[in-house]
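# Descriptive structure summary
In case you want the letters, here they are:
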Amino acid sequence: KTVPTVRDIEQINDVLSSYIGKDDKLALLLDFDGTLSPLAPHPSLAEIDPESEAALKNLATNPNTYLAIISGRSAEDAREKVKLEKITYAGNHGLEIIFWNKSRYHHEIDEETRQKYEKMVTELETSLGGNGAWVENKKQSLTFHYRDVPEVDQPTYKARATSIIESYGYVANAAHAAVEAKPPVIWNKGEAALYILREEFGDNWPEKVKVIFAGDDTTDEDAMKALKGGGLSFRVSKRSEIETYADYRVPSTKTISLILQWLQDNMNQV
Ligand SMILES: O=P(O)(O)OC[C@H]1O[C@H](O[C@H]2O[C@H](CO)[C@@H](O)[C@H](O)[C@H]2O)[C@H](O)[C@@H](O)[C@@H]1O
């Protein structure tokens, strides 16, 4: 369904101050691309918004705030981008998790599905690579990028990539100028978010911690759906008519910076 938009600091204050109390603990779960970082022409060029970076640095040292990045990138790649030690990084849409204390989770993928993965990469590269299209191989999931394909050809590339991905039994998710291919397992950003919360706060996490999630893409909707009623979530989108499981829409990564700044200023430090 469509949801209300939050765009300025007054609205952010209204929403957050009615959710988080002075003595609450917070788990802040954040997507990277399109949420902490404005979308860039190439994944290697994406950089965290400097204001978000400053607020996150501060929140990472707050004993009442638990921080996790839940990204479609590999966990190592997300860590290299965010550059904060001692926070949790979930990569490949949650299939791999590196916890702040260095313990790790890897979601089991059966042998047959893993073998199909390399073949799928090869077919996407040989059939659709070039002309501005390329495959980002993240070992457990991949992203087929078509941002630099001439605009008129993009729908064809998207449809053909989706069809190839599905022919290998993988799940194709439409993303920003890209198609994400994920293994056919019942595990996604939502399952990963719940796993992190249970690991860190116990099965009764809803009684112990407030949760905020923010994301901008279809794969983030899994986390918004999983946290519905158990947390507060924000969908970054320029489209006011967007349908989402989030509680609120925010128009840009700049609004995410404002939310993080509010949290930096208002989360109890002791
Ligand atoms: O879950 P996220 O952290 O949002 O990651 C989703 C995908 O983001 C990256 O691709 C997207 O961002 C790029 C940089 O801004 C952009 O060039 C591309 O068009 C977007 O699709 C990343 O490359 C993927 O691996 C992630 O799955």
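Everything numeric in this text was worked out from a predicted model, so none of it was measured.

### Some words on the overall build of the protein chain
- Assigned secondary structure in the protein chain consists of 9 helices and 12 strands.
- Compactness check: the protein chain gives a C-alpha radius of gyration of 18 Å against a globular reference of 18 Å for 270 residues, within 12% of the reference.
- For the protein chain, the spread of C-alpha atoms along the principal axes amounts to about 55 × 40 × 30 Å.
- Within the protein chain, contacts between residues separated by at least 24 positions form 58% of all contacts whose residues are at least 6 apart in sequence.

### Describing the sheet that holds strand S7 (residues 142-145)
- If you trace the 4 strands from one edge of the open sheet to the other, you get S6-S7-S9-S8, paired in antiparallel fashion. Looking at which strands have only one partner, the edges of the open sheet turn out to be strand S6 (134-137) and strand S8 (171-175). Going across the sheet, the axis of each strand differs from the next one's by a mean of 20°, ignoring polarity.
- Looking at chain direction, S6 and S7 are connected through 4 bridges and run antiparallel. Bridging across to S7, tryptophan 134 finds its partner in histidine 145.
- Strands S6, S7 and strand S9 (178-182) of the sheet are contacted by helix H4 (residues 111-128), whose axis makes an angle of about 155° with S6.
- The sheet contacts of helix H5 (residues 154-167) involve S7, S8 and S9, and relative to S9 the element is tilted by about 5°.

### Describing the site of the ligand
- Residues in close proximity to the ligand total 24 residues, the closest being Phe32, Asp33, Pro43, Ser71 and Gly72.
- Elements with a minimum of two residues in the shell around the ligand: S7 and S9.
- A domain split of the shell around the ligand shows at least three residues from each of domain 1 (9-107 + 187-266) and domain 2 (111-182).

### Concerning the domain arrangement of the protein chain
- Along its sequence, the protein chain is carved into domain 1 (9-107 + 187-266) and domain 2 (111-182).
- Taking only C-alpha atoms into account, the centre of domain 1 sits 26 Å from that of domain 2.
- In this assembly, 14 residues from domain 1 lie in contact with 12 residues from domain 2.
- Of the residues belonging to the side of domain 1 that touches domain 2, the class tally is 4 nonpolar, 7 polar and 3 charged.

Procedures and definitions
Residues numbered from 1 in each chain as written. Predicted model: local features only at pLDDT ≥ 70, side-chain atom pairs only at ≥ 80, totals over all residues. Helix = DSSP H or I, 4+ residues; strand = E, 2+ residues; numbered from the N terminus. Rg over C-alpha atoms; globule rule 2.2 N^0.38 Å. Contact = placed C-beta atoms within 7 Å. Pairing = 2+ DSSP bridges. Axes fitted to C-alpha atoms, helices over the stretch in contact; angles between N-to-C directions. Near = placed C-beta within 6 Å. Domains from an automatic or database assignment. Nonpolar A, V, L, I, M, F, W, Y, C, P; charged D, E, K, R; others polar.

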